[in-house]
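Summary of structural features
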Amino acid sequence: MRLRWKDSSACRGQTEGLPLPNEKKNASEKPFCLPSGQGASERRTWWRWGGLFLFLALLLLLTAVAQALLTPHIRKDAPESFLLKEYFESDGNHDVIFLGDCEVYEAFSPAVLWEDYGIESWVCGTPQQLLWHSYTILEEILRRETPRVVVLGVYALSYDEPQSEAYNRMALEALPCTGNKWRGVRVAMTEGESILSYFVPLLRYHDRWQSLSWQDVRSLFEMQEKISTHGFVVRPEVVAGATRPGHEDAPLIPQTSFGQMPLAYLQKIEALCREQNIQLILVKAPTDSWRYPWYEEYENWTEGLAAEMVVPYYNFLEAYDEIGLDREKDSCDGGFHLNVSGAEKLTRYFGAILSECYGVPDRRGEKELAKEWEATLTQYNKWKESGKETPAE
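Here's a quick rundown of the structure. (Residues numbered from 1 in each chain as written. Predicted model: local features only at pLDDT ≥ 70, side-chain atom pairs only at ≥ 80, totals over all residues. Heavy atoms only, no water.)

As for the overall build of the chain
Condition: Going along the chain from the N terminus, every DSSP run of H or I of four or more residues is numbered as a helix, and every run of E of two or more is numbered as a strand. Under the scheme applied here, a residue whose accessible area is under 20% of the maximum for its type counts as buried, over 50% as exposed, and between as partly exposed, the area being computed with a 1.4 Å probe on protein chains only. In this description, contact between two residues means that some pair of their heavy atoms is separated by no more than 4.5 Å. For the area figures, the Shrake-Rupley method with a 1.4 Å probe applies, and any residue is considered shielded solely by the protein chains shown.
Looking only at helices and strands, the chain features 15 helices and five strands. Counting only residues that meet the buried cut, the chain has 47% of its 393 residues in that class. Contacts spanning at least 24 positions in sequence make up 83% of the contacts within the chain whose residues lie at least 6 apart. A total of about 22400 Å² of accessible surface is found on the chain, and carbon and sulfur atoms cover 54% of it.

Below, the structure written as structure tokens:
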């Protein structure tokens, strides 16, 4: 079979535009490249980091829930364990701050100071609050506000070393996580305590899961009721005390002077107040018993310290009758502490001193503050009338 020659012009349309074998490509044209895998690698990297962040977020969330669940919540049988928590939830606009132990938070009623004198105050007391506790608490208070007056209970001068973990936690655990708190915990710690557990309570209470109840679960979703009136624990019970307290059953005075540690922290508190132009006032509550004796030596040493620092000192034991206190009616536990009746009498007496001698202003004309106090006084009076220690059932 003979092949016929085909005119190249007839095929030109079919081959036009196709590159010839030896034809060079235009330099401006980019060669077609297969995917190098870079985009896929970046996506895998982002997935890995995203997964890590998600895991950490879930871990933090579970830790926070576990800590909230296992950390003890407000107990009606010991409301004073959580007093400072309420202060750090307040606005921090107070003219008078009280520091100290039960001789303070069961002896001075901010409600009476407000009603009778218009004085805005808060009691930042805790059980067996020692002077190094008071100093750390005061440092944190001054980060929030600068009161005109700081009133400091002096019974803590009789303790010259840390006492127990329980009292340390009542005083320091509620404080914000700051360097002040770290230093305060280091000073106050007893043997076997972990400083980190004051910042991550889960480390201390992790084994509490064995005693959890449905109430612990419900408390995560409930509003916690107030446990004090500006730090004052209302104790309306009446248990008559001794006609005149004595020290026959008290231990012999254990030292010949106050210890170096409480003296050092009293001086620190005085210096801090002086730097901030705050009036420091030392007070001794009008309670004296074999359990918490206030020896004549204690009184002499305290008077000497106050004179040396040029700080006013009021021993209300010496004004017992002038205040109008009655040992049959004004104690909640047989003379160891004042009840609300005794505290109100003492507060009226001291309120006159704060107003007249130290110029603490009457703020009852401030509408917003007065409105806040209306609700606070309503709860305060309910606790008084209930005949039960705060918080009321």
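There's more to say after this.
Details of a nonpolar patch on the surface
We apply this condition: Patch membership needs two things, relative accessible area over 30% and no salt bridge, and members are linked within 9 Å if like-charged or within 5 Å if nonpolar (Val, Leu, Ile, Met, Phe, Trp, Tyr). Salt bridges are identified by distance alone: a Lys or Arg side-chain nitrogen within 4 Å of an Asp or Glu carboxyl oxygen.
Taken together, the side chains of Trp49, Leu52, Phe53, Phe55 and Leu56 make up a nonpolar region of the molecular surface, amounting to roughly 540 Å² of accessible area. By the secondary structure assignment, phenylalanine 53 is in helix 2 (residues 38-70).

Concerning the environment of proline 127
If you trace the backbone, proline 127 turns up in the loop between strand 2 (121-125) and helix 6 (131-144). Classification of proline 127 by relative accessible area gives buried; the value is 9%. Between the C-alpha atoms of proline 127 and alanine 171, which are 44 residues apart in sequence, the distance is 7.6 Å. Those residues in contact with proline 127 that lie beyond four places of it in its chain are Glu80, Tyr105, Tyr167 and Met170.

Some words on helix 15 (residues 367-386)
Because the α-helix completes a turn every 3.6 residues, residues three or four places apart line up on one side. The line we're drawing: Helix span is expected to be 1.5 Å times the residue number reduced by one.
Given a rise of 1.5 Å per residue, 20 residues ought to cover 28 Å, and the 29 Å separating the end C-alpha atoms of helix 15 matches this to within 8%. Those residues of helix 15 hidden inside the fold are in contact with helix 5 (110-117) and helix 14 (340-358).

A few points about the packing of helix 5 against helix 14
How we decide: A fitted line through C-alpha atoms represents every axis, and for helices the fit uses only the stretch in contact; the resulting angles, taken between N-to-C directions, go from 0 to 180 degrees. Relative orientations are named as follows: roughly parallel for angles under 35 degrees, roughly antiparallel for angles over 145 degrees, roughly perpendicular for angles from 65 to 115 degrees, and oblique for any other angle. What makes a crossing left-handed is the near helix being turned counterclockwise from the far one by less than a right angle; a clockwise turn instead makes it right-handed. Each residue gets one of three labels, nonpolar for Ala, Val, Leu, Ile, Met, Phe, Trp, Tyr, Cys and Pro, charged for Asp, Glu, Lys and Arg, and polar for the others, Gly among them.
The N-to-C vectors of helix 5 and helix 14 enclose an angle of 55°; their axes lie 9 Å apart at closest approach. Taken together, helix 5 and helix 14 sit at an angle that is classed as oblique. In this structure, helix 5 crosses over helix 14, and the sense of that crossing is right-handed. Between helix 5 and helix 14, the contacting residues are Val112, Leu113, Asp116 and Tyr117 on the first element and Glu344, Thr347, Arg348, Gly351, Ala352, Leu354 and Ser355 on the second. When its residues are assigned to classes, the contact of helix 5 with helix 14 shows five nonpolar, three polar and three charged.

Quick look at the packing of aromatic side chains
Note the following rule: The criterion for an aromatic pair is that two Phe, Tyr or Trp rings (for Trp, the six-membered ring) have centres within 6.5 Å, with stacked assigned to planes under 30 degrees apart, edge-to-face to planes over 60 apart and tilted to the rest. Charge over a ring is defined by NZ of Lys or CZ of Arg lying within 6 Å of the ring centre and within 35 degrees of the ring normal.
According to the stated counting rule, one finds 22 aromatic pairs in the structure shown. Measuring from centroid to centroid gives 5.9 Å for tyrosine 87 and tryptophan 122, while their planes differ by 70°, and the two rings are edge-to-face. Here tyrosine 87, found in helix 3 (residues 83-87), pairs with tryptophan 122, found in strand 2; they are 35 residues apart in sequence, far enough to count as distant. What makes tryptophan 122 buried here is its relative accessible area of 6%. Measuring from ring centre to ring centre gives 5.7 Å for tyrosine 135 and tyrosine 265, while their planes differ by 65°; the resulting arrangement is edge-to-face. Separated by 130 residues along the polypeptide, tyrosine 135 in helix 6 and tyrosine 265 in helix 11 (residues 260-275) bring together distant segments of the chain. As far as the burial class goes, tyrosine 135 and tyrosine 265 line up, both buried. An aromatic cluster of at least three residues, connected via ring pairs, comprises Tyr155, Tyr159, Phe258, Trp294, Tyr295, Tyr298 and Trp301. A cation over a ring is seen here: lysine 268 above tyrosine 265, with NZ or CZ 5.6 Å from the ring centre.

Let's talk about the sheet that holds strand 5 (residues 313-315)
Filter applied, for reference: DSSP bridges decide pairing: two strands pair if at least two such bridges lie between them.
Strand order in this open sheet of five strands is 2-1-3-4-5, and the pairing throughout is parallel. Among the strands making up the open sheet, the edge pair consists of strand 2 and strand 5. Across the sheet, the axes of successive neighbouring strands diverge by a mean angle of 20°, strand direction being ignored. Pairing geometry for strand 1 (residues 96-100) and strand 3 (residues 149-153), over four bridges, is parallel. Bridge pairing in strand 3 links leucine 99 to leucine 152. Contacting strand 1, strand 2 and strand 3, helix 6 runs over the sheet at an angle of about 155° to strand 1. Sheet contacts for helix 11: strand 3 and strand 4 (279-284); angle to strand 4, the most-contacted strand, approximately 145°.

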